[in-house]
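Structural characterization, general
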Amino acid sequence: MSSIESSLDAVLHASPITGTPEWAALDKHHAELADVHLRSLFAQDPSRGETLTVETDGLYLDYSKNRVTARTVELLVALAERVRLREQVEAMFTGEKINTTEGRAVLHAALRAPADTVIEVDGVNVVPAVHEVLARMSVFADKVRSGVWTGSTGKHIRTVVNIGIGGSDLGPAMAYEALLDYSDRSIQMRFVSNVDGTDIWEATHDLDPAETLFVVSSKTFTTLETLANARTARAWLIDALGPDAVPFHFVAVSTNTEKVIEFGMDSANMFEFWDWVGGRYSLDSAIGLSLMLAVGPENFREMLAGFHAMDVHFRTAPFDRNLPVLLALLGLWYRDFFGAQTHAVLPYSHYLGRFPAYLQQLDMESNGKSVDRAGRPVSVPTGPVVWGTPGTNGQHAYFQLIHQGTTLIPCDFIGFVAADHEVRDGGTDHHVLLMANFFAQTEALAFGRTAEQVVAEGVAPELVPHRTFAGNHPTNTIMADRLTPFVLGQLVALYEHKVFTQGAIWNVNSFDQWGVELGKVLAQRIIPELSADTVDGGSGKLAHDSSTNTLIRRFREAGHLSG
Ligand code: G6Q
C-alpha cells in the first residue's frame, strides 16, 4: 500500500470533521464574527480590498467582500490541512482510485496534461492515449471545417447536432455558447438532450439531412434519452438519404466500442475516452468534439491549456493563495457555519449564459451527498443549491431577494475587462454600462444603505424601512481580461477543483451519482405500463402507490398514447 493510499484510508475513516479542534475553533470564531458587518471590516482594514485578493495567470479573485478576516482564512486553511487536502489532491492527480464506490480513478486532469506527462492507471500511462484521441479529433474537425469531409451527397456539413445528456451535453453546450465568438459561423451547432420529442424535432425539422452531422455522445452508450434521440435521428436521415448515408453523417463519442457497433455505427467513426473520466468532468475529453468542430483544434487546445494552468495552480499554490481552495473554504464557511443553503453564480457576460447550469451539475451531482465515503451519515450540511443567470438580467428579477430578503445568498460575480464586441448606444459603450452594474452590485450587497443615509436623502419616514439595505451580503468577484478559450478552461477547472476541495473536507465521494439511478429504474418499469397492449391493459392492476397509479391511469384514459 502506497503512503498516499494509506493516508487516504485514514481520511476515509476519519471521525466526523465536527469533532476536530479545527472545527471547534471555527465555530468559536464564527460566534465572534457572525454579527460583524462588512462595513466594520472595511473600516478596520481599509486595505483589505487589495490584500484579500489572489491572481493566477491573469484570473483575479477579490474575496475581500466576504465576512472573513485573515484569521478566518487561517482557521479554514487549518481545516483543509486537517483532512490532508494536499495528499488528497495528489491522490487524484496521480491516478489513485479515489472514486471508491465505483472503484475508479478520477483523472480529468490527465485530459489536459502535456504530452510528456506520465500518469498511470493500473500501471499504464494514460497520457499517450489522450493525445492520440486529441490528434484524431483534430484531423476530423479540420476535415469537417474545411469541407474535405462531406455528407453522402458531397455537400458540406452546415449543422452539427450533438446528441447527449447530462455530462455529455451540458459541458459542450455551455462551452459552445461561451466561445461562440471563436466559432466558425458557417457551421452551426445544435444540442439535443431531452427525451421529449420536441427537442430532436426542433433541432432537425428545418435541416437538410445532406448537410447534417450527428455526434452521438455517450460515455456508456446505454443512456435511454441519447439512444432514443440517436435512433430517431438515424431514421430521419435514412428516410431522406438511405442507409448507406449513415457513416457520412454519424460519429460516436464513447467509452463503449461494443455498444457503438451494436448501434450500427462504424468503430472507425468513434472517438474514445475512458472510465476514469466522469461524465460531468468530460468536457475536455472527446465529449468536447462538437465544441472542437465549432471552434477548431487550436482554440480547443488553448482551452485545455487554461484547464492545465489551473490544475498546476491548484496542485502547487499554498492554500491561502489558491483560488479553488479559497472559493471552496469560503463556500463551506457560509454553508456550514452561516447555514446558507444556496450559492449564486452570476456571470456578467452574455456568452456565459449556460455557465450556471453547467455548474449546477458539476457541484450538485458531485457534492449532493448525505453519507460520507465510509457510508456514514454526514455530520454537516454538504453541497448547496447552485443557481444563477447572467447579469444584468437577474438584477431586474431575483436580486431583490438577495438584497432585501431573509435568506443569506453568497454570490460569485464573474466579469471581464474587455468587451467582446464594441457596441455603443450612440454614446456610451455597452460594456461600460454592464461593468458599472457589475461593480455596483457587489458594493451595494456588501455595504447596503443605512436608515440614516436614507433619511438624509429626504425619504418619507414610513418608507425608510423599505428603502434601507442591510448589506453584509458576501460576494466573490472573479475577473479576467477577456473571455478567451484559455480563460474558459481556467474558469471550469477553478470550479472543478473547488468542488473537489469541498468534497474532500466533507469526506463525501464527489465522483459518483447513485442518486440519479432510482428514477431511471422506476421509469423503465413504467414504460410498458403506459402502453394499452401490456400487462395492465387498463384493468387497474398497477402496483404503485395510489398517487402514481392514479396519475398513470389518468394519462392512459386520456388516450395520450395510441399504442
Ligand atoms: C455525470 C453523470 C451523467 C451522465 C449522463 C449521460 O457525471 O454521470 O450526467 O453524464 O447520464 O451518460 P452517458 O454519457 O453515459 O450517456
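Now for a look at the structure at hand. From a predicted model like this one, the values you see are computed outputs, not experimental measurements.

1. Overview of empty space enclosed by the protein
Under the criterion given, the structure shown has four cavities of 30 Å³ or more. If you add up the space inside the largest cavity, you get close to 80 Å³. What lines the largest cavity is a set of eleven residues, and nearest its centre among them are Gln-88, Ile-98, Arg-373, Phe-500 and Phe-511. Roughly 70 Å³ of volume is contained in the second largest cavity. The wall of the second largest cavity is formed by Leu-330, Gly-331, Tyr-334, Arg-335, Ala-340, Thr-342, His-343, Pro-384, Pro-410, Lys-498 and Gln-502. Taken together, the elements giving at least two residues each to the lining of the second largest cavity come down to helix H14 (323-337), strand E10 (342-347) and helix H20 (485-506). Looking at the lining of the second largest cavity, the element that brings in the most residues is H14, giving four residues.

2. Focus on the site of the ligand
In the vicinity of the ligand lie 13 residues, with Ser-168, Ser-218, Thr-220, Thr-223 and Gln-361 positioned nearest. Within the backbone of Gly-167, one N or O atom sits 2.9 Å away from an oxygen atom of the ligand. Gln-361 is positioned such that a nitrogen or oxygen atom in its side chain is 2.6 Å from an oxygen atom of the ligand. Judged by the proximity of its atoms to the pocket grid, the ligand belongs to the largest pocket. Among the residues making up the shell around the ligand, the classes are represented as one nonpolar, nine polar and three charged.

3. Let's talk about the nonpolar core
Core analysis: the largest hydrophobic core is formed by 125 residues, its most contacted members being Trp-276, Leu-293, Phe-355, Leu-488, Leu-491 and Tyr-495. Setting aside chain neighbours within four positions, we find Trp-276 in contact with Ala-105, Val-106, Leu-107, His-108, Ala-110, Leu-111, Val-121, Val-126 and Val-130. Val-192, Phe-263, Met-265 and Met-270 belong to the second-largest nonpolar core, a separate cluster that totals 21 residues.

4. Here we look at the pattern of salt bridges
A full pass over the atoms with the stated rule returns 20 salt bridges. Taking the shortest distance from any N to any O, the salt bridge between Arg-112 and Asp-311 comes out at 2.7 Å. With Arg-112 in the loop between helix H6 (85-93) and strand E3 (120-121) and Asp-311 in helix H13 (residues 289-316), this pair connects stretches of sequence that are 199 residues apart. Of the two residues, Arg-112 and Asp-311, both sit in the buried class. Ionic pairing is found between Lys-520 and Glu-517, a salt bridge with its closest N-O pair at 3.6 Å. Within this pair, Lys-520 and its partner Glu-517 are both found in helix H21 (residues 517-529), separated by three residues, close to a single helical turn. Look at the salt bridges and you will find they share partners, linking Arg-112, Asp-284, Asp-311 and Glu-496 into a network.

5. Here's the deal with the sheet that holds E10
Spatially, six strands are ordered E1-E2-E13-E12-E10-E11 in an open sheet, and the strand pairing comes out mixed. Looking along the sheet, the strands with just one partner apiece sit at the ends: strand E1 (53-56) and strand E11 (385-387). Adjacent strand axes in the sheet meet at a mean angle of 15 degrees, parallel and antiparallel pairs treated alike. As judged from the three bridges shared by strand E2 (residues 59-62) and strand E13 (residues 475-480), these two strands associate in the antiparallel manner. When the sheet's bridge partners are listed, Tyr-60 is paired in E13 with Met-479. Where helix H17 (residues 430-447) meets the sheet, it contacts strand E12 (411-416) and E13, and its direction lies at approximately 155 degrees from that of E12. Along the sheet, H20 makes contact with E1, E2, E10, E12 and E13, crossing E12 at roughly 165 degrees.

6. Notes on the packing of H13 against H20
Think of two packed helices as two axes; the pair is described by the angle between the axes and how far apart they sit. Where H13 meets H20, the axes come as close as 7 Å, and the angle between the chain directions of the two elements is 40 degrees. In this view, H13 runs oblique relative to H20, as classed from their interaxial angle. For the crossing formed where H13 meets H20, the hand is right-handed. Contact residues: Asn-299, Glu-302, Met-303, Ala-305, Gly-306, Phe-307, Ala-309, Met-310, Asp-311 and Phe-314 in H13; Pro-485, Phe-486, Leu-488, Gly-489, Gln-490, Val-492, Ala-493, Leu-494, Glu-496, His-497, Phe-500 and Thr-501 in H20.

7. Points about unusual backbone geometry
A cis geometry characterises the amide bond from Gly-391 onward to Thr-392, with omega recorded as 10 degrees. On the secondary structure map, Thr-392 appears in the loop between E11 and helix H16 (399-404). Positive phi, close to 45 degrees, is recorded for Asp-57, a residue that is not glycine. Examined against the element boundaries, Asp-57 turns out to sit in the loop between E1 and E2.

8. Quick notes on the pairing of E12
Two faces make up the sheet, and in a regular strand the side chains alternate between them. Along E12, six of the six residues are buried, which leaves the element largely enclosed by surrounding structure. Residues of E12 alternate between two faces, with Cys-411, Phe-413 and Gly-415 on one and Asp-412, Ile-414 and Phe-416 on the opposite face, all of them buried. The pairing of E10 with E12 spans four bridges and is parallel. Note that in E12 the partner of Val-345 across the bridge is Asp-412. In the sheet, E12 pairs with E13 via six bridges, with the strands oriented parallel. Of the residues in E13, the one forming a bridge with Phe-416 is Ala-480.

About the criteria used
- Residues numbered from 1 in each chain as written.
- Predicted model: local features only at pLDDT ≥ 70, side-chain atom pairs only at ≥ 80, totals over all residues.
- Heavy atoms only, no water.
- 1 Å grid on protein atoms, 1.4 Å probe; cavity = no way out; pocket = protein on both sides within 12 Å on 5 of 7 lines; lining within 4 Å.
- Points joined across faces, edges and corners; volume = space filled by probe spheres on them.
- Helix = DSSP H or I, 4+ residues; strand = E, 2+ residues; numbered from the N terminus.
- Near = heavy atom within 4 Å.
- Polar contact = N/O pair within 3.5 Å; in protein donor to acceptor, adjacent residues only side chain to side chain.
- Sits in = over half its atoms within 2 Å of the grid points.
- Nonpolar A, V, L, I, M, F, W, Y, C, P; charged D, E, K, R; others polar.
- Core = buried A, V, L, I, M, F, W, Y, C linked by side-chain atoms within 4.5 Å.
- Buried < 20%, exposed > 50% of the residue type's maximum accessible area, 1.4 Å probe, protein only.
- Contact = heavy atoms within 4.5 Å.
- Salt bridge = Lys/Arg side-chain N within 4 Å of Asp/Glu carboxyl O.
- Pairing = 2+ DSSP bridges.
- Axes fitted to C-alpha atoms, helices over the stretch in contact; angles between N-to-C directions.
- Parallel < 35°, antiparallel > 145°, perpendicular 65-115°, else oblique.
- Left-handed = near helix turned anticlockwise from the far one by under 90°.

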